[in-house]
Amino acid sequence: MTVWLLGDHLHPSHHVLDGADRVLMVEATDFAGRRPYHPQKLGLVFAAMRHARDARREAGYDVEYRRADTFGDALDAHFEAHPGDDLRLMRPPTHGAAARLRDLVESRGGSLTLVEDDRFRCPPDAFDEWDSAEDEFRHENFYRWMRRRDDVLLDGDDPVGGQWNYDESNRETPPADWSPPPVPRYDPDDLTRDTLGWVAETFDTWGEIGGFAWPVTREEALDALDHFVTHRLPNFGPYQDAMVGGEWALAHSLLSASLNLGLLRPGEVVDAAVEAWERDAAPIESVEGFVRQVLGWREFMRHVYRRTMPDLTDGDVLDRSRSLPPLYYGEGTQMRCLDEAVSHVYERGYAHHIERLMVLSNFATLYGADPHELTEWFQFGFVDAYHWVTAPNVLGMGTFATDAFTSKPYVSSGNYIDRMSDHCDACPYDVDATTGDDACPFNALYWAFLNDHESTLRGTGRMGLMYSHVDDKSADEWAAIRERVARIRERAAAGTL
């Protein structure tokens, strides 16, 4: 029996390793040529795999590490050496992957046994049992159920502090004299440097590879967790929705890539945060906000994806088809918030969740970009992106291409960005203006979006107040808004916004 570890199955204690005679790891590169992936994403995946290979060997496992163009090529070589072998694999969360891998194995005379993926806290049968008592997918209900199920931040059956969430306390912007905690750096060793050099020479990529400093080993990931809990968690809650010019990390954990690679488990990450609160090293507002992201949202996305695919990625309830403007691909823009967010992705393969939702996705949504192209952009541009998490986040929360689990689009005018950032103060566009050449593009796009999709959105979620403002606008105001929107789209498409 051989245990097959995929490139994101890198924890040293995955339960699938129990009793393993042999470990198979396949470094397949064909996928990397299908999209212009960020070089730091490819470098992270391949370097982490190679380090995990060496660590498993040092732990006494017989590891066969096969480098090939495709899984099929690697399996040809494996079954030539081990005819009729039984492979054991944690079920991958990407839709259709398990069936494809089973076909590859069985067509070569082997067998494939699938076991539960222990990179998540909530197994499918538990989620399905919870959902059977619900009328619809709603994250808040699931999150509270998970808190009770795993006994996290509870006082009996109630939440500690008397509140399930502290969102209202976690929408502050830092004062001018606040400095974010230092960002941990993990300088590449020889193996990682060699891997990064190979990536740069081999693949057509988008983004910068210099400055790579992501954790690539279990030890580095644990250090990153400790660094977050010690230095960043105390300030995480209040400023988690803030954006500050020149700051890409603020107090965010930067642990998503390590979690999705399997270098960290969600349980140990949640436990570390809760223990910080228990010893008064971090406030409940910060700890609950972080627990919500990991125990709540991450688990919820995995299962919403599982339950709604393939319908999740079919079509768009708002029927948008414009191409993403060149600014997403590095052409630049005078809009400071967008320019900073795209630069963060280009330079590091990362932007924090508010930049993803309220800048990058918000603008694409209002602009009328094809949400599936935006999903592809997130997929190749972010170091922590995998289809199971990118598709529901972008198509549901980010663009409202599907209403499978969201009740309204998360869109805003420039007012939100002005409230949660310092970008507008240094931006040549006027955040207080809707029309005219110097008006913030978000404003006219926002009102046109509401008007264009009124038949779908009026009465949806909490949109009533916004549509009362739509109703108040005069014919002359709408004419000016339409003129401004046409100019914005023309300039954006030409790369001159």
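Going by the structure above, here's the rest.
The sections below set out a description of the structure shown in this document.

Cut-offs and rules
Sequence positions are assigned chain by chain, starting from 1 and proceeding in written order. It should be noted that, the model being predicted, local features are given only for residues of pLDDT at least 70 and side-chain atom pairs only at 80 or more, the latter also being counted only at that level, while totals for whole chains, interfaces and linings use all residues. Here the side-chain values reflect all heavy atoms present in the structure, with hydrogen atoms and water set aside. Secondary structure follows DSSP: runs of H or I at least 4 residues long count as helices, runs of E at least 2 residues long count as strands, and numbering of each begins at the N terminus. What qualifies as a polar contact is a pair of N or O atoms within 3.5 Å, subject to a donor-acceptor requirement within protein and to the restriction that residues adjacent in sequence count only when both atoms come from side chains. Contacts are assigned to residue pairs that have any heavy atoms within 4.5 Å of one another. Only buried Ala, Val, Leu, Ile, Met, Phe, Trp, Tyr and Cys residues count toward a nonpolar core, and they belong to the same one when joined by side-chain atoms within 4.5 Å. Only protein chains enter the calculation, and the probe is 1.4 Å; a residue is then buried if its accessible area is under 20% of its type maximum, exposed if over 50%, and partly exposed in between. Excluding any residue in a salt bridge, patches collect residues exceeding 30% relative accessible area, merging like charges within 9 Å and nonpolar Val, Leu, Ile, Met, Phe, Trp and Tyr side chains within 5 Å. For every accessible area listed, the method is Shrake-Rupley and the probe measures 1.4 Å; residues are considered covered only by the protein chains on display. For salt bridges, the criterion is a side-chain nitrogen of Lys or Arg within 4 Å of an Asp or Glu carboxyl oxygen. Residues counted as positive are Lys and Arg, residues counted as negative are Asp and Glu, and His and the chain ends are not counted. Where a charge lies is defined by one atom per residue type: Lys uses NZ, Arg uses CZ, Asp uses CG and Glu uses CD. Note on geometry: axes are C-alpha line fits, over the in-contact stretch for helices, and angles between N-to-C directions span 0 to 180 degrees. An angle counts as roughly parallel when it lies under 35 degrees, as roughly antiparallel when it exceeds 145, as roughly perpendicular when it falls between 65 and 115, and as oblique in every other case. Handedness of a crossing follows from how the near helix is turned relative to the far one, being left-handed for an anticlockwise turn of less than a right angle and right-handed for a clockwise one. We call Asp, Glu, Lys and Arg charged. Ala, Val, Leu, Ile, Met, Phe, Trp, Tyr, Cys and Pro are nonpolar, and the rest, Gly among them, are polar. The pairing test for Phe, Tyr and Trp rings, Trp by its six-membered ring, is centres within 6.5 Å, and the orientation test on the planes gives stacked under 30 degrees, edge-to-face over 60, and tilted for anything in between. Charge over a ring is defined by NZ of Lys or CZ of Arg lying within 6 Å of the ring centre and within 35 degrees of the ring normal.

### So, the side chain of aspartate 150
So, point 1. Within the fold, aspartate 150 resides in helix 5 (residues 139–150).
So, point 2. Side-chain polar atoms of aspartate 150 contact the side chain of arginine 149, separated by 3.0 Å.
So, point 3. Once residues lying within four places of it in the same chain are set aside, the contact partners of aspartate 150 are Arg121 and Leu295.

### Remarks on the nonpolar core
So, point 1. Ranked by internal contacts, the top residues of the largest apolar core, which has 80 residues, are Met25, Leu233, Phe290, Val291 and Phe300.
So, point 2. Contacts of methionine 25, omitting those with residues within four sequence positions, involve Leu5, Leu10, Met49, Ala52, Arg53, Val63, Glu64, Tyr65 and Arg66.
So, point 3. The next biggest cluster of nonpolar side chains, apart from the first, holds 66 residues, and it includes Ala341, Phe400, Val485 and Ala492.

### What about a negative patch on the surface?
So, point 1. A surface patch of negative charge is lined by Asp430, Asp432, Asp437, Asp438 and Glu483.
So, point 2. Here aspartate 437 shows up in the loop between helix 15 (414–420) and helix 16 (441–452).
So, point 3. Given a relative accessible area of 55%, aspartate 437 falls into the exposed group.

### Brief notes about unusual backbone geometry
So, point 1. At the junction of methionine 309 and proline 310, the peptide bond is cis and its omega measures out at 0° in the coordinates.
So, point 2. With respect to the helices and strands, proline 310 occurs in the loop between helix 10 (284–308) and helix 11 (336–348).
So, point 3. Even without being a glycine, leucine 254 presents a positive backbone phi close to 60°.
So, point 4. Here leucine 254 shows up in the loop between helix 7 (218–236) and helix 8 (256–261).
So, point 5. Phi at aspartate 319 takes a positive value of approximately 55°, unusual for a residue other than glycine.
So, point 6. Judged by its relative accessible area of 68%, aspartate 319 is exposed.

### Description of the packing of helix 4 (residues 124–131) against helix 5
So, point 1. Two elements in contact, helix 4 and helix 5, have axes whose closest approach is 11 Å; the angle formed by their N-to-C orientations is 125°. Taken as axis vectors, helix 4 and helix 5 run oblique relative to one another. Crossing angle aside, the handedness with which helix 4 passes helix 5 is right-handed. From helix 4, Ala126, Phe127 and Trp130 reach across to helix 5, where they touch Asn141, Phe142, Trp145 and Arg149.
So, point 2. Grouping the constituent residues of the contact of helix 4 with helix 5 by class yields five nonpolar, one polar and one charged.

### Here we look at the packing of helix 2 (residues 71–81) against helix 3 (residues 97–106)
So, point 1. Between helix 2 and helix 3, whose axes approach to 10 Å, the crossing angle comes to 35°. At the point where helix 2 passes helix 3, the crossing takes the right-handed sense. Facing helix 2, whose interface residues are Phe71, Gly72, Leu75 and Phe79, helix 3 presents Leu101, Leu104 and Val105.
So, point 2. Looking at side-chain class alone, the contact of helix 2 with helix 3 contains six nonpolar, one polar and no charged residues.

### Some thoughts on the pattern of salt bridges
So, point 1. Summed over all chains, the structure comprises 37 salt bridges.
So, point 2. The closest approach of N and O atoms between aspartate 8 and arginine 119, which form a salt bridge, is 3.3 Å. Taken as a pair, aspartate 8 in the loop between strand 1 (2–5) and strand 2 (22–28) and arginine 119 in the loop between strand 5 (111–115) and helix 4 lie far apart in primary sequence, 111 residues in all.
So, point 3. With relative accessibility at 12%, the residue aspartate 8 sits in the buried group.
So, point 4. Notably, a salt bridge pairs arginine 144 with glutamate 140, separated by 2.7 Å at the nearest N-O pair.

### Notes on the packing of aromatic side chains
So, point 1. Using the criterion set out here, one finds 35 aromatic pairs in the structure.
So, point 2. Members of the aromatic cluster, each reached through a chain of ring pairs, are Phe127, Trp130, Phe137, Phe142, Trp145, Trp297, Phe300 and Phe405.
So, point 3. The cationic tip of arginine 53 hangs over the ring face of tyrosine 65; the distance from NZ or CZ to the ring centre is 4.7 Å.
So, point 4. Across the ring face of tryptophan 198, the terminal group of arginine 67 is positioned such that the distance to the ring centre comes to 5.0 Å.

Keep in mind these values describe shape, not function.
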